[in-house]
Amino acid sequence: MERLLNFLDLDGYGQFIWAAYGLTAFVLIGLAVQSLRFQARTDAELEALHASPETTKVERASNEAKE
Amino acid sequence: MLSQAIKPHAMQVKGSAKMHRFANPTRFLRLVSAIKPWATGVCLLTFAAGLYFALFASPPDYQQRETVRIMYVHVPAAWMAMFCYAALAAASASALIWRHLVADMVARATAPIGAAFTLLALATGSLWGKPMWGTWWVWDARLTSVLILFFLYLGYIVLNGAFDDASRGARAASILAVVGAINIPIIKFSVDWWNTLHQPASVVKLDGPAIHMSMLTPLLLMAIAYTSFYIWILAIRVRAEINTSKIRALQIRRVTASDVPWNDS
Amino acid sequence: MAPFLALLKRDLKLAARHGLDSFMVVAFFVLVVTLFPLAVGPEQAILGRIGSGMIWVAALLSSMLSMDRLFQQDYEDGSLDLLVLSPMALELLVLAKTLAHWISTGLPLIIASPLLGVLMNVSSAGYGTVILSLALGTPILSLVGSIGAALSLGARRGGVLISLLILPLLIPVLVFGVSAVETGLADLPSRSEFLILGAMLLVALALVPYAVAAALRQALE
Amino acid sequence: MRSFLRWWEMNQINIKTKAPLYWPFFVFEKKFRKNVGISFNRTLIGCMNNIFGTRLQCIRSNRIVFEDLSFHIESGDVLHLTGPNGSGKSSLLRILAGFLRPSAGKLSWDGASEPIHEKIQYIGHQNAVKGALSVLENLSFWLQINGDRGDQKALACALQTFGLEKLANLPAQFLSAGQARRLTLARLLVVPAPLWILDEPATSLDTASEGALQSAINGHSEAGGMVVMATHTPVEADAKVLNMSTFGKTRATG
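Here the structure is a predicted model, which is why all the values come from computation and not from measurement.

Quick notes on the overall build of chain A
Okay, so step 1: Looking only at helices and strands, chain A has 3 helices and 0 strands in total.
Okay, so step 2: Counting helices and strands in the order they occur from the N terminus, chain A gives α-α-α.
Okay, so step 3: Looking at chain A as a whole, 34% of its 67 residues are labelled buried.
Okay, so step 4: Within the structure as shown, chain A displays about 4,300 Å² of accessible surface, and the carbon and sulfur contribution to it stands at 68%.

Focus: the overall build of chain C
Okay, so step 1: In terms of regular secondary structure, chain C is built from 10 helices and 0 strands.
Okay, so step 2: Shown N-terminal to C-terminal, the secondary structure of chain C runs as helices and strands in the order α-α-α-α-α-α-α-α-α-α.
Okay, so step 3: Taking the principal axes of the C-alpha coordinates as reference, chain C spans close to 55 × 35 × 30 Å.
Okay, so step 4: Relative to its full complement of 221 residues, chain C shows a buried share of 61%.
Okay, so step 5: Relative to all contacts within chain C whose residues are 6 or more apart in sequence, the contacts with residues 24 or more apart total 82%.
Okay, so step 6: Per element, the accessible surface of chain C, about 8,100 Å² overall, is 74% carbon and sulfur.
Okay, so step 7: Each charge class in chain C was averaged separately, 11 positive and 13 negative side chains, and the resulting centres sit 5 Å apart.

A closer look at the packing of aromatic side chains
Residue and element names in this part refer to chain B.
Okay, so step 1: Inspection of every chain in the model, using the stated rule, returns 17 aromatic pairs over all chains.
Okay, so step 2: Plain terms: the ring middles of Phe47 and Tyr226 are 5.9 Å apart, the flat faces sit at 35° to each other, and that makes the pair tilted. Of this pair, Phe47 sits in helix H1 (residues 15-57) while Tyr226 sits in helix H6 (residues 213-264), and the two are 179 residues apart along the sequence.
Okay, so step 3: Residue class for Phe47 comes out buried when judged on its relative accessible area of 16%.

Some remarks on unusual backbone geometry
Okay, so step 1: Positive phi values are uncommon outside glycine, yet Asn121(C) reaches one of about 55°.
Okay, so step 2: Tracing the backbone shows Asn121(C) in the loop between helix H6 (90-119) and helix H7 (127-151).
Okay, so step 3: At Ser204(D), a position not held by glycine, the phi torsion is positive, near 50°.
Okay, so step 4: Position of Ser204(D) relative to the elements: it lies in the loop between strand S6 (195-199) and helix H7 (207-222).
Okay, so step 5: On the accessibility criterion, Ser204(D) (46% relative accessible area) is partly exposed.

Observations concerning the nonpolar core
Okay, so step 1: Counting 182 residues, the largest nonpolar core has Phe117(B), Phe229(B), Phe66(D) and Phe71(D) as its most contacted members.
Okay, so step 2: For this core, the element with the highest residue contribution is helix H3 (residues 101-133) of chain B, accounting for 15 residues.
Okay, so step 3: Ignoring anything within four residues of it in the chain, the contact list for Phe229(B) reads Leu28(A), Leu31(A), Ala32(A), Cys43(B), Phe47(B) and Phe117(B).

A closer look at the sheet that holds S6(D)
Residues and elements named next belong to chain D.
Okay, so step 1: Read from one edge of the open sheet, 5 strands run S5-S6-S7-S3-S8, paired in parallel fashion. Both outer strands of the open sheet, strand S5 (120-123) and strand S8 (240-243), are each paired with one neighbouring strand and no more. The average angle at which neighbouring strand axes cross in this sheet is 15°, direction not considered.
Okay, so step 2: Pairing of strand S3 (residues 78-82) with strand S7 (residues 226-230) involves 4 bridges; the strand directions are parallel. Considered in S7, the bridge of His80 is made with Met229.
Okay, so step 3: In the packing of helix H3 (residues 89-97) onto the sheet, the strands contacted are S3, S5, S6, S7 and S8, and the crossing angle to S6 comes to about 155°.

So, the interface of chain A and chain B
Okay, so step 1: Between chain A and chain B, the residue contacts involve 33 residues of the former and 42 residues of the latter.
Okay, so step 2: Where chain A abuts chain B, roughly 3,500 Å² becomes buried across the two surfaces, and 73% of that area is made up of carbon and sulfur atoms.
Okay, so step 3: Across the chain A-chain B interface, the total number found is 1 salt bridge.
Okay, so step 4: As a salt-bridge pair, Asp43(A) and Arg239(B) come within 3.1 Å of each other at their nearest N and O atoms.
Okay, so step 5: Between chain A and chain B we count 6 residue pairs in polar contact (both at pLDDT 80 or more) in total.
Okay, so step 6: Among the elements that take part in the side of chain A that touches chain B, helix H2 (residues 14-51) of chain A stands out by supplying 23 residues, more than any other.

Topic: a nonpolar patch on the surface
Okay, so step 1: Side chains of Leu99(C), Ile103(C), Leu107(C) and Ile111(C) sit close together on the surface and give an oily, nonpolar patch of about 320 Å² of accessible area.
Okay, so step 2: By the element assignment, Leu107(C) lies in helix H6.

A few points about the environment of Ser167(B)
Residue and element names in this part refer to chain B.
Okay, so step 1: Counting through the fold element by element, Ser167 comes out in helix H5 (residues 166-197).
Okay, so step 2: Residue class for Ser167 comes out partly exposed when judged on its relative accessible area of 25%.
Okay, so step 3: In sequence terms Ser167 and Leu101 are 66 residues apart; their C-alpha atoms lie 9.1 Å from each other.
Okay, so step 4: A polar atom in the side chain of Ser167 sits 3.0 Å from the side chain of Asp165.

Remarks on the environment of Met105(B)
Residue and element names in this part refer to chain B.
Okay, so step 1: As for its position among the elements, Met105 is in helix H3.
Okay, so step 2: Here Met105 falls in the buried class, since its relative accessible area comes to 11%.
Okay, so step 3: Along the chain, Met105 and Ala95 lie 10 residues apart, while their C-alpha atoms are 9.1 Å from each other.
Okay, so step 4: Those residues in contact with Met105 that lie beyond four places of it in its chain are Val238, Glu241, Ile242 and Ser245.

What to know about the pairing of S7(D)
The side chains of a regular strand alternate, residue by residue, between the two faces of the sheet.
All names here are of chain D.
Okay, so step 1: Counting buried residues along S7, 5 of its 5 residues qualify, which places the element largely inside the surrounding structure.
Okay, so step 2: Residues Met226, Val228 and Ala230 line one face of S7 and the alternating positions Val227 and Met229 line the opposite face, and both faces are buried.
Okay, so step 3: Relative to S7, S6 runs parallel, the two being bridged by 5 bridges. Bridging across to S7, Leu198 finds its partner in Met229.
Okay, so step 4: Taken together, S6, H7 and S7 constitute a β-α-β crossover, and its handedness is right-handed.

Parameters at a glance
- Residues numbered from 1 in each chain as written.
- Chains lettered and ligands numbered in written order.
- Predicted model: local features only at pLDDT ≥ 70, side-chain atom pairs only at ≥ 80, totals over all residues.
- Heavy atoms only, no water.
- Helix = DSSP H or I, 4+ residues; strand = E, 2+ residues; numbered from the N terminus.
- Buried < 20%, exposed > 50% of the residue type's maximum accessible area, 1.4 Å probe, protein only.
- Areas by Shrake-Rupley, 256 points an atom, 1.4 Å probe, with all protein chains shown as cover.
- Contact = heavy atoms within 4.5 Å.
- Lys, Arg positive; Asp, Glu negative; His and termini not counted.
- Charge placed at Lys NZ, Arg CZ, Asp CG, Glu CD.
- Phe/Tyr/Trp six-rings, centres within 6.5 Å; stacked < 30°, edge-to-face > 60°.
- Core = buried A, V, L, I, M, F, W, Y, C linked by side-chain atoms within 4.5 Å.
- Pairing = 2+ DSSP bridges.
- Axes fitted to C-alpha atoms, helices over the stretch in contact; angles between N-to-C directions.
- Buried area = accessible area lost by both parts, 1.4 Å probe.
- Salt bridge = Lys/Arg side-chain N within 4 Å of Asp/Glu carboxyl O.
- Polar contact = N/O pair within 3.5 Å; in protein donor to acceptor, adjacent residues only side chain to side chain.
- Patch = residues over 30% accessible without salt bridge, like charges linked within 9 Å, V, L, I, M, F, W, Y side chains within 5 Å.
- Right-handed = clockwise from strand over helix to strand, strands pointing away.

Shown next as structure tokens:
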């Protein structure tokens, strides 16, 4: 237990070090989550537009040809 | 018809430019989705190894004692901030010169990642400064130029979104990125000059003694982790940017599709 | 050469007809500088020390303020298309417009700067250095600012956008402008700062027109 | 690398035809233009004989405006662009004037791949008229901006043909929409150029002014000039017409 405490304390500077690592984790993970959600949202929207009734058969065919 | 006598040497926008402009997004998407699993794998691996070395395996610095561990997070972030701006400027320059659609999207995807890394570099820098010099912010030459770099990123992102027509915003922002890249050495030189002019005596040089071998391994591991993280997020965001441009094209086409029958009848 | 002078004369005539615009810029310049003694307190010692810095920051802000009118009117009424079609290269026409803008806003700032030197308790010997540094600095502000004006043509909220884009790029000018004045005031040899400021002006004069012309061409696409 | 060189070479043409590459030399511009032989005969409109456009394609904000469009204009032709709005008339005119580059296809002005700006007069939707300047000042500005290619006599005659001579010293802000449009059209007569590119020139014009415009166009085409115009007014049967809606593809791009 004592070793864990001193490990956390890092002789007095623990708070700054953990704050720095915590902040890095927060920013990087936040960026990853936001990017993944951004991609999922645009994928869903694109799917919805492709499948939507307004896109007539012709347009979808020409789109597939281009794809 | 076209009499052969005056066959014009016309501006030949040949097939290659045509191929670049259309097939490129789908070909680029296939390339990107091939890289993505590798990038995520390398990123997670090197992060784990880097964190282990940084927190447990490396010795505390004789002078800065434990706070040197913040360097393992701060220095790679500063490197990545510079690297992302270089990537941004290169993508924008190629977008301007060869009118690549994809280069615009790579640049637009890189900007927020670069801004996040710069913010990280500034935050961890000030967290490192507090125990070392007792103040959260020190007007050190490097920290100040990273702060100005952050404003350049902000300028790029804001200009990108400032226009109603997305392609207008992309072209304007790519010119700004190139102009910014030309200005960075001048800004660096003037901030260093300004720093030596108003040099308060008490500031300890940021990089301190030459980095000991045992500290180099976590630093390099974290640098690789950050770069692979950048490639992974870039892959995700570029795919999302290509989707948004397709969505916009489909919406515009729906407007014109519904418009044409109206006046043909 | 004729189109260059024609555009310059027309812009100066337009600026003269709307004389109020350049007066507004000088009024803003004086107002911003008078805010600082009210904020920092009237002690002569403090004002003397920060005076030249405040004059430069105010010059920077007021030239940014007047920058978004540079191409906006021509863009809206269609004459920018015709300027691109004139036989003279667009780069030179951009120089003419920036020169006209500098004459109508930069010059009044330089003329008003001794008045602010008095307000900010800058020693009267220093007025020469303040005027010289502004004389070298304000053209750079107009040149680099014209890049922002060209980039943000047709953007929403153009005025604020220009300042956000261009102020980071103007930091070297601010650093060397203020250090030139301060070393001049402290009777130290300030030749090197003025030389660097002059070098920046020449570099800006050489490179900026190409950037602005590229920005205008993409704006008209 | 090849496309970069082409981009660099294209820019050179654009700059070289107008002024030497670096601006300190612009002082010698007159001498430079004389010996390069861009001679400009004031009586003859200009030496421009044909414009080719083959399989042109234009994309604006991710939408194909038109595709596979080919046309060919000889000197003396008047080409009318007709079609519903949004079918790309203005885009084609801007490509012809050199503002917009076609995303595919070949385009050649008299063999050159870049438009020579002295040879083009462009009238867009907006009137390039400054309210603070008087009618005469506006017109003489466009005279000077195009260098020494027009002259005072042409100024007076242009104002005369469009009936603006009485308003010469009136600040342009007091002009009505029709008068402002006539002032813009007067610019066509002030600065002679072989190619006229007109984007709906007859908007807000009354019948008398429309007649004046039509006679100006006919005079220009008889003198060997070329006119490309987008119009909504009905076109005579024998005129050369290019119906834009046939080329309008509504396929979205990737």
